[in-house]
Amino acid sequence: MIAPDDERSGQRAIIRRDHIAGGMFIVASLLIFALSGDLPFGTLASPGAGMMPKLVLGLLIAFGAILVARAAESPPLATINWGDFRHAATVVVVTAAAITLYTRVGFVLSVTLLLFVLLYFIERRSLWRTLAVSLGVTIASYLLFNTLLKSPLPPMPFWF
Amino acid sequence: MESTIDSLLLGFSVAFRPDVLLYAFLGCVVGTLVGMLPGIGPLAGISILLPVTFGLDATKAIIMLAGIYYGSQYGGSTTSILMRIPGEAASVMTCIDGYAMAQKGRAGAALCIAAVGSFIAGTFGVIALTVIAPPLGAFALRFGPPEYTALLVVGLIFLAYMSSTSLARTLLMAAFGILLGCIGIDVMTGHFRYAFDIPDLGDGIGIVPVAVGLFGLGEILSTPSQSVTSKVKAPRMRELLPTRREWRESAMPIARGTVLGFVVGIVPGSAHIISSFMSYALEKRISKHPEEFGRGAVAGVAGPESANNAASTGAFVPMLALGLPTGPVTAVLMAALLIHGVPPGPQLVTQHPDVFWGFIASMYVGNLMLLALNLPLVGMFVNVLRIPYAYLYPLIIMFCIIGVYEVNHSIIDVWIMLVMGIVGYLLRKFDFDPAPLVLGLVIAPTFEMSLRQSLIMSNGAWTIFFERPISAGLFAVSAGLLILSAVSLVMKRKDWRAKLAEVEASESDQGRPS
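Just so it is clear, the model here is predicted, and its values are computed rather than measured.

Asks: I'm lost on the overall build of chain B in this one. Help?
Replies: When helices and strands are counted, chain B shows 23 helices and two strands. Burial analysis of chain B (514 residues in total) assigns 61% to the buried set.

What follows is the structure, encoded as structure tokens:
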């Protein structure tokens, strides 16, 4: 599983990118396999609902194993650049909050807040410009979808 | 042939209706913008705007969405040439010599050659599509479940073989997509599969949340705003005309790129990306001055740009004639047709001639529109690139949420989009291409149904796949491709796929392909 490090040290072993990638797919597939117990595989003449998922899970495990087996050709795990992780995590949290609010407080409020938080707190844009963009874009989008395209967006519980 | 011309005339009568022209124009404009803007590619653009077409009839909807697709191929060249940022993944090769030409003060000429090459290739592609798709559709009427199973298998193997990442990685992604496609009620037995008592999952996972999450949100998560520059200088109108020498140097590369791109486009996989690489490699190999490549060779712009446009048209052949997507973009376009109650496939020509021929005729018109849009108005379009990315990505997130929610008015779909965004981010970190995942998701229902029907038909005898000539032939092709892959693996030979991966990696270090 673990590829040897450079020959000079001979002692340390390093984990490579595909050890983790392949390993994750194997573990996840085994877990899903365990969840598939109630799905009947059936027979070849009468395939059941579980046949396709179980075949595919078998393939996922096989391809995951190939990745692990050939992981020595992949770069070390430590070379993956996680410099964008903080930005990604922040965007995910803000987007998740907006989705939570989307059907509860309506499109206008949730999206205005989403834009405001991203622009003002994360991108550090000026307050007035942020307010103008957040409100302007939200109202324009609301009018475009709700009024012009007749494609209803979640309403606000109060007046929209 | 006469009936084809009559049908095409029917198509033009649809395509020239003012309302249809308007939607074709809108699609072309949006496509150009989508192609230019880093962080949002044609797949995300089409997925996000899919709900906008719900109020339209099927003809207008597919014409607008297809306009976004081939429009993005035109627009992608602009950022590649002016900023060395491939706004669209297929424009990676154009970055090399297009940007070098811009550095020499020939940005206008490079843009003009790219636009004219794209126009010629796009128009040739539509003519070939007009001729090939109807007879291919008629032939496909002979297909039964075993043939469809074999066709889907060969499609997946072809996709994996053509991919610039490894065969195992691509097939793993496709299998992951098929597994996602298994979620929901099994239509043959009524069993709930992996729905976890969530009623919304009973209908399965939609293509739109997955595609928007992987390609829209996933791209944004991987792109901190500080890393995006928006310095761009628009060429002046009088700088747009290439010299006589530049025209001469671009003529044959455009012709070769057009034919090569169309042929590659029919093959499953991210054909428009592969075609531009193959065209670049071909031009460099046959050039009398290969040392000019990388330093502003006209052929290095003309060939790849023509190839990727011809390929995007070629990709419509299997989609329209066989009902099979060759990539994620055609998969989403297929989903759009299905949402509008028009199943693509062999019977599309006979059952919905207005949609089929209207769509084809609109592509002739669309290519003309794009030529007009991309030359005189290039100065106006590049202004969009001056919008700071810090303002752009919150808007894209907003459109992702609206786009996904509006498909089914389901908040679960929006959560799926967010989860797929995180998955897309992680997949990029581990060097997986998410495109085969979407393709797997799209073909999953057809694949499962045709496989199970084949087995039931034969009373469990899997030899049915080798007893019927078409499916046996298709499986032989699959086996051949697997052997070819194994040979290059054993020989440790660096073939064109490995070279493509290297170029993509080096270009994405400098820009951000979408």
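Asks: In this structure, what is going on with the overall build of chain A? I would like to understand it.
Replies: Looking only at helices and strands, chain A has five helices and two strands in total. Going from the N terminus to the C terminus, chain A shows its helices and strands as β-β-α-α-α-α-α. Its C-alpha radius of gyration of 25 Å places chain A more than 25% over the 15 Å reference for a compact globule of 160 residues. Its C-alpha atoms put chain A at 65 × 55 × 20 Å along the principal axes. Buried residues in chain A amount to 31% of all 160 residues.

Asks: Just to check I follow, could you spell out the nonpolar core for this structure?
Replies: Side chains of nonpolar character tend, in soluble globular proteins, to be buried together. In terms of nonpolar packing, the biggest core is built from 206 residues, with Ile62(B), Leu333(B) and Val438(B) touching the most fellow members. Split by domain, this core shows at least three residues from each of two domains, domain 1 (3-79) and domain 2 (85-148) of chain A. Apart from the residues within four sequence positions on either side, Val438(B) is in contact with Gly177(B), Ile207(B), Val210(B), Ala211(B), Leu214(B), Pro328(B) and Ala331(B).

Asks: I tried to follow the domain arrangement of chain A on my own but got confused; where do I start?
Replies: In many reports, interface size means the accessible area that the parts give up when they come together. Along its sequence, chain A is carved into domain 1 (3-79) and domain 2 (85-148). Using only C-alpha atoms to locate each centre, domain 1 of chain A and domain 2 of chain A end up separated by 39 Å.

Asks: I tried to follow unusual backbone geometry on my own but got confused; where do I start?
Replies: Excluding glycine, most residues fall at negative phi; most peptide bonds, likewise, are trans. Residue and element names in this part refer to chain B. Unlike most non-glycine residues, Asp431 shows phi in positive territory, near 65 degrees. Considering the arrangement of structural elements, one finds Asp431 in the loop between helix 19 (411-429) and helix 20 (435-457). The exposure class of Asp431 is partly exposed, given the 17 C-beta atoms found within 10 Å. We note that Asn459 has phi near 55 degrees; this positive angle belongs to a residue other than glycine. For Asn459, the location among the structural elements is in the loop between helix 20 and helix 21 (464-467). A tally of 11 C-beta atoms within 10 Å means that Asn459 is categorised as exposed.

Asks: Explanation requested: helix 20 of chain B in the structure shown.
Replies: The periodicity of an α-helix, 3.6 residues per turn, causes residues three or four positions apart to be oriented the same way. Residue and element names in this part refer to chain B. Relative to the 33 Å expected for 23 residues at 1.5 Å per residue, helix 20 spans 33 Å between its end C-alpha atoms, a close match to the ideal helical length. Ile443 marks the point of greatest bend in helix 20, at about 50 degrees, and the proline Pro445 comes within the next four residues. Helix 20 sits mainly inside the fold: 17 of its 23 residues count as buried. Asn459, located one to two residues past helix 20, shows a positive phi value of around 55 degrees.

Asks: Mind showing me how you'd approach the confidence of the model for chain A here?
Replies: Predicted coordinates in regions of low pLDDT should not be interpreted in detail. On average, residues of chain A carry a pLDDT of 87, and 90% of them reach 70 or more. Between residues 1-9 of chain A, whose pLDDT stays under 50, and residues either more than four places distant or in other chains, the model counts 14 contacts.

Asks: Even after reading the chapter, I still don't get the packing of helix 4 (residues 58-83) of chain B against helix 12 (residues 299-314) of chain B, so can you show me in this structure?
Replies: Packed helices, taken two at a time, are described by the angle between their axes plus the distance between the axes. Residue and element names in this part refer to chain B. The interhelical angle for the contact between helix 4 and helix 12, taken along N-to-C directions, is 170 degrees, at an axis separation of 9 Å. Taken together, helix 4 and helix 12 sit at an angle that is classed as roughly antiparallel. Two secondary-structure elements touch here, helix 4 through Tyr69, Tyr70, Gln73 and Ser77 and helix 12 through Glu305, Asn308, Asn309, Ser312 and Thr313. Residues that form the contact of helix 4 with helix 12 fall into these classes: two nonpolar, six polar and one charged.

Asks: Help me understand helix 5 (residues 127-148) of chain A in this model?
Replies: In a regular helix each residue adds 1.5 Å, so 22 residues correspond to 32 Å; helix 5 of chain A covers 30 Å between its end C-alpha atoms and thus fits that length. Buried within helix 5 of chain A are the following residues: Thr130(A), Ser134(A), Thr138(A), Tyr142(A) and Phe145(A). One face of helix 5 of chain A carries all of its buried residues, which in axial projection span an arc of 85 degrees. Opposite the packed face of helix 5 of chain A, turned more than 90 degrees from it, sit the exposed residues Trp128(A), Arg129(A), Ala132(A), Gly136(A), Ala140(A), Leu143(A), Thr147(A) and Leu148(A). On the buried face of helix 5 of chain A, the contacting elements are helix 4 (107-122) of chain A together with helix 18 (389-408) of chain B. Backbone geometry just after helix 5 of chain A places Lys150(A) at a positive phi near 55 degrees.

Asks: Sorry, what's going on with the packing of helix 10 (residues 244-266) of chain B against helix 12 of chain B here?
Replies: Residues and elements named next belong to chain B. Where helix 10 meets helix 12, the axes come as close as 6 Å, and the angle between the chain directions of the two elements is 30 degrees. Here helix 10 lies roughly parallel to helix 12, going by the angle between them. Our pair here, helix 10 against helix 12, has a crossing hand that is right-handed. Split by residue class, the contact of helix 10 with helix 12 holds 13 nonpolar, 12 polar and two charged.

Asks: Even after reading the chapter, I still don't get the environment of Gly22(A), so can you show me in this structure?
Replies: With respect to the helices, strands and loops of the structure, Gly22(A) is situated in helix 1 (residues 17-35). Put simply, Gly22(A) and Ala71(A) are 49 residues apart on the chain and 8.5 Å apart in space, counted from C-alpha to C-alpha.

Asks: Can you help me understand the environment of Leu118(A) in this one?
Replies: Mapped onto the secondary structure, Leu118(A) falls in helix 4. Separated by 82 residues in the primary sequence, Leu118(A) and Ser36(A) have C-alpha atoms spaced 41 Å apart. In contact with Leu118(A), other than residues within four places in its own chain, are Val94(A), Glu123(A) and Pro394(B).

Asks: Is there a simple way to think about the confidence of the model for chain B in this case?
Replies: Residues and elements named next belong to chain B. In the predicted model, chain B carries a mean pLDDT of 82, and 88% of its residues have values of at least 70. Mean pLDDT across the elements of chain B bottoms out in helix 23 (residues 496-510) (59) and peaks in helix 19 (93). In the predicted complex, the global pTM is 0.79; the interface-specific ipTM is 0.91.

Asks: Explain the environment of Glu292(B) here, please?
Replies: Residue and element names in this part refer to chain B. The topology assignment puts Glu292 in the loop between helix 11 (271-286) and helix 12. With 17 C-beta atoms packed within 10 Å, Glu292 lands in the partly exposed category. Along the backbone, Glu292 and Asp97 are 195 residues apart, and their C-alpha atoms lie at a distance of 8.9 Å.

Here is what the cut-offs are and how they apply
- Residues numbered from 1 in each chain as written.
- Chains lettered and ligands numbered in written order.
- Predicted model: local features only at pLDDT ≥ 70, side-chain atom pairs only at ≥ 80, totals over all residues.
- Helix = DSSP H or I, 4+ residues; strand = E, 2+ residues; numbered from the N terminus.
- Buried ≥ 20, exposed ≤ 12 C-beta atoms within 10 Å, placed from the backbone.
- Rg over C-alpha atoms; globule rule 2.2 N^0.38 Å.
- Core = buried A, V, L, I, M, F, W, Y, C linked by C-beta atoms within 7 Å.
- Domains from an automatic or database assignment.
- Contact = placed C-beta atoms within 7 Å.
- Expected span 1.5 Å × (residues − 1).
- Bend = angle between axes of the 7 residues up to and from the residue.
- pLDDT = per-residue confidence, 0-100.
- Axes fitted to C-alpha atoms, helices over the stretch in contact; angles between N-to-C directions.
- Parallel < 35°, antiparallel > 145°, perpendicular 65-115°, else oblique.
- Nonpolar A, V, L, I, M, F, W, Y, C, P; charged D, E, K, R; others polar.
- Arc of directions from axis to C-beta.
- Left-handed = near helix turned anticlockwise from the far one by under 90°.

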